[in-house]
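# Coordinates in review
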Amino acid sequence: MLKDGTYAAWYNTPLDQGTGIVHVADGQIWGRDSLMTYRGACKVDGDRFTATVSTKRHTDGRATVFGVEDELTLDIQGRCPGKIATYTATAQQVPGMILHGTLILTEQQPPAPDRAEQVPAFNPGKLPRLPKRSR
């Protein structure tokens, strides 16, 4: 099941590939990569999900993975049986081209435990000495 959270995204088309960050929460999906921002709505049904996402360029430069289009509407269909989702997407503006992608749920690291012991102050006099060399 596609859970609410933050995902690392990898995707490719026959033209190019890319990576980004995607957030999912309360039926909404949004994110960004080095060229585009994305925003839309998603529906989850068991381990399957669908989404409609609009993209918008935020940085000039190279072409997107779909070619030269700057603003796209993506129709996404995927499966997420665990922490890794796979999906395909088509852009209404680029008929016939299919994007394949993977989303990997990122997990928050637990906070470091408080250290009960005191860390001793640095004392350079306790460092080992190098042997003296004769010249």
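The structure presented is a predicted model; accordingly, all values stated were derived computationally and were not measured.

About the cut-offs
- Residues numbered from 1 in each chain as written.
- Predicted model: local features only at pLDDT ≥ 70, side-chain atom pairs only at ≥ 80, totals over all residues.
- Heavy atoms only, no water.
- Helix = DSSP H or I, 4+ residues; strand = E, 2+ residues; numbered from the N terminus.
- Buried < 20%, exposed > 50% of the residue type's maximum accessible area, 1.4 Å probe, protein only.
- Areas by Shrake-Rupley, 256 points an atom, 1.4 Å probe, with all protein chains shown as cover.
- Lys, Arg positive; Asp, Glu negative; His and termini not counted.
- Charge placed at Lys NZ, Arg CZ, Asp CG, Glu CD.
- Contact = heavy atoms within 4.5 Å.

## Some thoughts on the overall build of the protein
When helices and strands are counted, the protein shows 0 helices and 8 strands. Written out in order from the N terminus, the α and β elements of the protein read β-β-β-β-β-β-β-β. The dimensions of the protein, computed from C-alpha atoms along their principal axes, are 75 × 40 × 25 Å. Looking at the protein residue by residue over its 135 residues, the buried ones come to 31%. Carbon and sulfur atoms make up 54% of the accessible area of the protein, which totals about 9,700 Å². Charge separation in the protein, taken as the distance between the mean sites of 16 positive and 14 negative side-chain charges, equals 17 Å.

## Let's talk about unusual backbone geometry
Positive phi outside glycine occurs at D26, with the angle close to 50°. The residue D26 is located in the loop between strand 2 (17-25) and strand 3 (28-33) in this model. On the basis of relative accessible area, D26 is assigned to the exposed category, the value being 69%.

## Description of the environment of M97
Mapped onto the fold, M97 is located in the loop between strand 7 (84-91) and strand 8 (98-105). For the pair M97 and A9, spaced 88 residues apart in the sequence, the C-alpha separation amounts to 19 Å. Setting aside its immediate chain neighbours within four residues, M97 contacts T13, P14, L15, V65, F66, A89, T90 and A91.

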